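What follows is each chain in one-letter form.
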Amino acid sequence: MCDETGEKMRDTVEIEGKGKKKLGIKSSFILRLILFCMITSFSVVILLSAVLSAYVSIIMRDDAIGESRQSLVAMNGFFEEKMNAVKRFHYGMYQDVNIRCAVQTFFAGSNTPGEDIDIIRQCSEMLNSRYGYADNALSGVSLYGLEYGRQAELLQTGGFHHREAAMQKMLADAKEKSEANISENRIFYSVYLAMGEDDGLPDGTLSIYDFIREPGNLTHIIGILAFHYDLNKISGELKGVPGEKSRRILVLSDKEEVLYSLDMNYEWALVDGGNGFREMGQYHSMGAKIYESPQYLMGVTENERFGFRVVCLTDKKQLYSRIRSLNVFTFSMMGAALLVVSILVLLFSRRISRRITIIMDGIGSIKQGDMYTRIPTTPKEDELDLIAHSLTDMCRSLREKAAMQQQAERQRNEAVLCQKDAEIYALQAQINPHFLFNMLEVARMKAVVDGCMDTALMVKILSDIFRESVGRGTVAAIGEEIECCMLYVRLFEIRRESSISVKLDVCQEIRKSRIPTHILLPIVENALVHGLAEENAVISISAHREGDDILFVIQDNGPGLTDKQLEDLNLQIENYTSREKHIGLANVNKRLKLIYGSKYGVRIQSRPGEGLTVQLAIGTDGKGPGEDYV
C-alpha cells in the first residue's frame, strides 16, 4: 500500500513540476540516520539502566538498613523485657521482708520440710498473683542454693524439655561467674541446645538468671533466681519482626556466645574477624550502629545494662539478586528489540526516502519561484505529511501576503490623491501665490476707495484664508484649524448680512495637538451652505479627548435630513473615491480612515427639524496605510 501511494505521489510531482530540475536524497542517508538514532538510544538506555540499578541498589540498601534498625530495636526490647522480669521479681522478693528471710533460711537448710513447702508456696503466689507474669515462652522459674544445693521450682510447665541438662549447664556457668565477683546489676544467661527430632532444628532452653545475695553482705552470693525460656516458643513470639526471613538476627552475650538466633542457626563466626567492615556513621540512629563489608550489611545494638547485644546480618548478594535478574532480563529484551528494529529499518528506509525525495522536489519548485506548488500527501497524516502541508500553506501565505502588499500600495496611492485633492480645495492654484495675494490686496484697496467696506472686508478675510492654507503644509494645530473655520464663518456672515452664532467648546489641553489640515473646514462649510436656519443661525464646535483619541462634534440648527436622505449621504461617504470631482464629507472620511485606521472617520446623525450633527473621531498616532502622507 505504501509503495503504491509513493509511486502515485512521485508521478504527481513529475507532472506538476515538468521541465524543472529534480532533487533527490539517497536511501543510505536515512539508513545511517535511523541506525545512529537506534545506537544512541540503546547506549542511553544502557547508561540509564546502570544508573537506575545503582539508584535502586542504594534504595534497597537503605530499606534493608531501616528494616535492620527496626529488627534490632524490636529484638533488644523483647529480650530486655525478659531480663526486666527477672529483675522485677528479684526486687519484689527483696522488698518483702518475710519472703526475703524465708528464702535465706531455705538456702541455709535450717527449715523443716513443711516450712520449705510454705516458702515455695509464698514465692509462687507472689509470682502468679502480685506480678501476674504470663509468658507463653516461659518454661519454668527456679530457686537454687549454691552453698547447700537446695532447689525449688516456683513455676514449671509441661514444655520444659531437657530440664536436668539445662540446669546443670546453668549451675556450672553460675558457679564460675559467682567466683569472679561480678557486679550486682548484671543479668546472666545460659543456653542449652539439643538437636530436635529427626535431626531437625535445634531444640533448647535459654536460662536467664540473677544472683541472690546476702542482705547484710552483698558480696556474698547465696543463691540463684532463674527464668527458663523455650527457644522455639520465643521464635513463635518473634514472627512479626521485620526482615525475619531475609537476614540473620542473633542475640549475643558479652563473650560472643549466641543466646538466641531467629533462624535457629546457632553457629556464629564474624566474617574476616570483622576486619572487612566499615562503620556507616550517617545511618546510626535509634541506638543502632550500621557496618558494611563487600559481602554483608551488619547492624548492631548494645544493651549495656544487661550486657548483651543484638546483631542483624544481611547478605548483599541475596539482597541484590532481584536487581541482577532484572538487568539480565532488560538487556536480553533490548538486544531482541534492537534486532527486530534493525530489520524493520531495512524494510522501511526505502519507503521513507522516496517520500522525502518527493518533498525535496517540491521545495526545489518553490525555490525556483513557483508559489502555486502543491506537495501531495498520503492518508496517513504523519510527520512527513505535516511538512508537506506546511510547505503548501507557506506558498498560500506568500501569495496572500503579496496580494495584501498590492492592496496596501493602492491605498497609499489613494491617500496621496486625497491629500492632493484637499490641497486643491484649500487653494485651487499655487502658481505664484505672491501674485494672487497682491491682486487680492489691490481689489480690497479699490473697494475701500469706492466706499464698499463690506466687499473690502470679504476680500481681506479671503486673502487671510488663502495665506493660512498655503503656509501650513500637511498638518496643523487644532487651534489653527479652529481659527481658519472662524474666518470662514465671518465671511459667510458678511454674505448673509446677518450674524451667525458660533459656540466653541474646545479643551485648552488639545489646542496644540496636530491633526491633518483641511479636516474641519469642509465640515463647517457644509453646515454654512446647507445646514443653517434662515434666522438665528447657530453652529456649535466642540472638541475633547476620549481615551487616547480626540472627538470633534460640529452641529447646526438647520432643517435636518430625512432617513432616506441620511442613508444616501452615508452611502456616498463610504463609496467615495479620489476620482470624483467634488471635495467634502466623503473626502474627510476617506482621509481619516487611511491615516488612522478603519475605526476612525465621519459619523452623521440627523432628524428632520433638528439639524445635522457630524462627529469626527481622530487618533493621536497614525495607524493606517496612509500615515506616511500626513
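Residues numbered from 1 in each chain as written. Predicted model: local features only at pLDDT ≥ 70, side-chain atom pairs only at ≥ 80, totals over all residues. Heavy atoms only, no water.

**A short note on the sheet that holds strand S16 (residues 549-556)**
On the basis of which strands lie adjacent, the open sheet formed by 5 strands has the order S13-S15-S16-S18-S17 and mixed pairing. Of all strands in the sheet, those with a lone pairing partner are strand S13 (501-506) and strand S17 (601-606), marking the two edges. The mean angle between the axes of side-by-side strands here comes to 15 degrees, regardless of whether they run parallel or antiparallel. Examined bridge by bridge, S17 and strand S18 (residues 612-618) share 6 bridges and lie antiparallel to one another. When the bridges of S18 are listed, Gly-601 appears paired with Ala-617. (Pairing = 2+ DSSP bridges. Helix = DSSP H or I, 4+ residues; strand = E, 2+ residues; numbered from the N terminus. Axes fitted to C-alpha atoms, helices over the stretch in contact; angles between N-to-C directions.)

**Some points on the packing of aromatic side chains**
By the definition in use, this model includes 7 aromatic pairs. Taken together, a centroid distance of 5.5 Å and an interplanar angle of 45 degrees make the contact between Phe-79 and Tyr-260 tilted. Within this pair, whereas Phe-79 is found in helix H2 (residues 27-95), its partner Tyr-260 is found in strand S7 (residues 258-261), the two being separated by 181 residues in sequence. In terms of burial, Phe-79 and Tyr-260 fall into one category: buried. Put simply, the rings of Phe-78, Phe-79 and Tyr-260 pair up and form one aromatic cluster. Lying across the ring of Tyr-94, Arg-100 places its NZ or CZ 4.9 Å from the centre. (Phe/Tyr/Trp six-rings, centres within 6.5 Å; stacked < 30°, edge-to-face > 60°. Buried < 20%, exposed > 50% of the residue type's maximum accessible area, 1.4 Å probe, protein only. Lys NZ or Arg CZ within 6 Å of the ring centre and 35° of its normal.)

**Some thoughts on a nonpolar patch on the surface**
Together, Leu-339, Val-340, Ile-343, Leu-344, Leu-347, Phe-348 and Ile-352 make up an exposed nonpolar region whose accessible area comes to about 630 Å². Positionally, Ile-343 belongs in helix H8 (residues 321-367). Residue Ile-343 is classed as partly exposed on the basis of its relative accessible area, which comes to 47%. (Patch = residues over 30% accessible without salt bridge, like charges linked within 9 Å, V, L, I, M, F, W, Y side chains within 5 Å. Areas by Shrake-Rupley, 256 points an atom, 1.4 Å probe, with all protein chains shown as cover. Salt bridge = Lys/Arg side-chain N within 4 Å of Asp/Glu carboxyl O.)

**Digging into the confidence of the model for the chain**
Per-residue confidence for the chain averages 75 on the pLDDT scale, and 80% of its residues sit at or above 70. Below a pLDDT of 50 lies the segment residues 578-582, which in the model reaches 6 contacts outside its immediate sequence neighbourhood of four places, other chains included. Scored below 50 in pLDDT, residues 626-630 makes 14 contacts in the model with residues more than four places away or belonging to other chains. (pLDDT = per-residue confidence, 0-100. Contact = heavy atoms within 4.5 Å.)

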